[in-house]
Amino acid sequence: MYLQVGQLLQNQSDIGMILQTLFSLSFIIYLFYAQRIQAMSMLRAVEGTLRKVKEIRDKGRSVSIEAVKEASEGDYDPTPDVERFLEHFFISPTSLDPAGIVGKMGQLLNVRENTFEAEVRAMAPKASDSEVNNLENLLEASLALNIYYKVIRHFYLLGKKTMNIYVIMQIHMILPMIVREIEAYSRALQAFRDGTPIGDSVGPLVAARLMHGHEWSDVAKEMVAAEVPYNGRTLIVTKAKGPGGSVGKPGDAIENILNSRKGRKKVDAVIMIDAAGKLEGEPAGGIAEGVGAAIGGIGVEKYKIEEAVKEHDIPMYAIAIKQDITHVVAPMVEELYTACDTAVETVKRMIDEKTKEGDTILVAGIGNTVGVGQ
Amino acid sequence: MTTRMTDAGPQTPMMSLSWVSLAVVVVIGIFSLLFLWLGFQSFGGENPDQGNLYIVVGTAGLAAIGYMFFRTKAISSQKPPVEKAEVVTILECPSCDLKRVRDFQRGDYVYKSDESCTRCEGTMTITGIHRKAEPKKKR
Ligand SMILES: [Zn+2]
């Protein structure tokens, strides 16, 4: 039987020839259409991600609408207002003439913040201050998800229309990173709806650990500070005002504190604690010490801090708590939680090493203080 | 793998390797095996040159299948959209040092103290909130 099949094909070498031709043909086709095939397979990968992102975006929108509805009065339907909010945009000032751009940026950001707050208050009149802050953050996370979705969709449709491999490649290349960011934001929805601390809250949590039990006062918009005695020194600990989701204005706070001490003993050192991006392979919750203004964001607050510290000529130290992009806006993982206690010890050791008795040290916990009081 | 796919339910749009692709794989596989077999046959026979050709074509077919499987696996192993994280709240009583861990409730925040202690008269303070350690994911 099996010999017969072999003979059949072997004897009729015509069939072999035909098959060979077919294979050669497919090879030649691949030679010319390889790029198109590649483009199609990349487009398929983008399409899969797009579908997933759409799901997450829709979830963000429905979570936001639900949360706003809970805090609103009567049978008000927040859907159109939330949808309008999700299309909100921000135009950065021109950098053609960069002089004074930080001030312009800061002013625009203030306007944006105030607009958001006013909109949320109008939508949810029953909400308390912290709830308004949390809702604001929740809506901002949904807004970010909406933008991610729209950009990916843009490149997908453009790629499909043009079938240009370079258009498709642009989005395909960064897809893995984008997916991680989107997953992080989808976790942020839960954190801001419930008000749980997030990875970025490590800075405020360390500050809260230091200042809890001491009398605090407001020092700038959504910023609090407390004087804490430690080992013969005076610590001025500042953080964003919790427990609502807010990063506050640490730049203004540090500036105000440094300026308010004119005539009194001046501040001898500034220590900033912030979450920092870790490299792949580093453990989450690792702590590193350095020098400089440990603060992220667009750079307005960083600029203010650096200016103020330069003016008063104060050494500035930084403590970074390492975490992954997927941790930053997601509910705080246990590694980061325990890292906060280690960071408190690090702050104390730094103070012991770098200052002497009688000194005044400004300690700033930078980050979003959602779920962390004081 | 299979359990993962069923778990994800409707959230597996990436399984676009449908039965059409599967049929293609099967056809290419059969042809590749046939060519390999023919190749080995011709080696023993009078036509070793043709045997070489057959073997090259057969191996290429198998390589193509291998590549297809590799790709499908990479696509289908993408994680399903993020599931809910479980968060716990740690409460401590300053007067009797009782420490308690419970599930997070909305409205909880670190250094909130309005829950009465279960052991003494004091009020408990929330000292920590964090996500429950997740079981190690299998790769
Ligand atoms: Zn007690």
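Remember, predicted model here, so these are calculated numbers, not experimental data.

Caption draft 1: Spatial organisation of the coordination of the zinc ion. Residue and element names in this part refer to chain B. Of the protein atoms, only C93 (SG), C96 (SG), C117 (SG) and C120 (SG) coordinate the zinc ion, at distances of 2.2 to 2.3 Å. Given four donor atoms and angles of 106 to 112° at the metal, the environment of the zinc ion is assigned as tetrahedral. What makes C93 buried here is its relative accessible area of 2%. You can call C117 buried: its relative accessible area is 8%.

Caption draft 2: Expanded view of the side chain of T355(A). Residue and element names in this part refer to chain A. Within the secondary structure layout, T355 lies in the loop between helix 11 (334-354) and strand 7 (360-365). On the accessibility criterion, T355 (10% relative accessible area) is buried. A distance of 2.6 Å separates a polar atom in the side chain of T355 from the backbone oxygen of I351. Other than its neighbours up to four places away in sequence, T355 contacts R233, A269, M350 and I361.

Caption draft 3: Up close: the packing of helix 3 (residues 79-86) of chain A against helix 4 (residues 101-123) of chain A. Residue and element names in this part refer to chain A. Running from N to C, helix 3 and helix 4 cross one another at 170°; their axes reach a closest spacing of 11 Å. In terms of axis orientation, helix 3 runs roughly antiparallel to helix 4. Where helix 3 approaches helix 4, its residues D81, V82, R84 and F85 are matched on the opposing element by F116, E119, V120 and M123. Tallied by class, the residues present in the contact of helix 3 with helix 4 amount to five nonpolar, no polar and three charged.

Caption draft 4: Examining the packing of aromatic side chains more closely. All names here are of chain A. Throughout the structure, instances matching the rule amount to three aromatic pairs over all chains. Seen from their ring centres, F85 and F116 are 4.6 Å apart, and the 45° between their planes marks the pair as tilted. In this pair, F85 is assigned in helix 3 and F116 in helix 4, connecting sequence segments 31 residues apart. Under the relative-accessibility criterion, F116 is labelled buried at 1%. For the cation-ring pair, K354 lies above Y317, with the distance from its terminal atom to the ring centre recorded as 5.1 Å.

Caption draft 5: How the structure looks around the domain arrangement of chain A. Residue and element names in this part refer to chain A. Entries for chain A in the domain assignment read domain 1 (34-194) and domain 2 (199-365). For domain 1 versus domain 2, the separation of C-alpha centres amounts to 29 Å. Taken together, the contacts link 20 residues of domain 1 with 17 residues of domain 2. Around 1500 Å² of area is buried between domain 1 and domain 2 when both sides are counted, 62% of it from carbon and sulfur atoms. The tally of links from domain 1 across to domain 2 stands at four salt bridges. A salt bridge links E113 to K249, with the shortest nitrogen-to-oxygen separation between them at 3.5 Å. The interface formed by domain 1 and domain 2 contains five residue pairs in polar contact (both at pLDDT 80 or more). Class assignment for the residues of the side of domain 1 that touches domain 2 results in seven nonpolar, eight polar and five charged.

Caption draft 6: Structural detail: the pattern of salt bridges. For the coordinates displayed, the defined rule picks out 36 salt bridges over all chains. For R84(A), the salt bridge goes to E119(A), with nearest N and O atoms at 3.5 Å. Remark: E119(A) occurs in helix 4 and R84(A) occurs in helix 3; sequence separation between them is 35 residues. Two residues, D194(A) and R106(B), come together in a salt bridge whose shortest N-O distance is 3.9 Å.

The rules behind the values
Residues numbered from 1 in each chain as written. Chains lettered and ligands numbered in written order. Predicted model: local features only at pLDDT ≥ 70, side-chain atom pairs only at ≥ 80, totals over all residues. Heavy atoms only, no water. Donors = N, O, S within 2.8 Å, 3.2 Å for Na, K, Ca; no water. Tetrahedral: all angles 85-135°; square planar, octahedral: opposite > 155°, others 65-115°. Buried < 20%, exposed > 50% of the residue type's maximum accessible area, 1.4 Å probe, protein only. Helix = DSSP H or I, 4+ residues; strand = E, 2+ residues; numbered from the N terminus. Polar contact = N/O pair within 3.5 Å; in protein donor to acceptor, adjacent residues only side chain to side chain. Contact = heavy atoms within 4.5 Å. Axes fitted to C-alpha atoms, helices over the stretch in contact; angles between N-to-C directions. Parallel < 35°, antiparallel > 145°, perpendicular 65-115°, else oblique. Nonpolar A, V, L, I, M, F, W, Y, C, P; charged D, E, K, R; others polar. Phe/Tyr/Trp six-rings, centres within 6.5 Å; stacked < 30°, edge-to-face > 60°. Lys NZ or Arg CZ within 6 Å of the ring centre and 35° of its normal. Domains from an automatic or database assignment. Buried area = accessible area lost by both parts, 1.4 Å probe. Salt bridge = Lys/Arg side-chain N within 4 Å of Asp/Glu carboxyl O.

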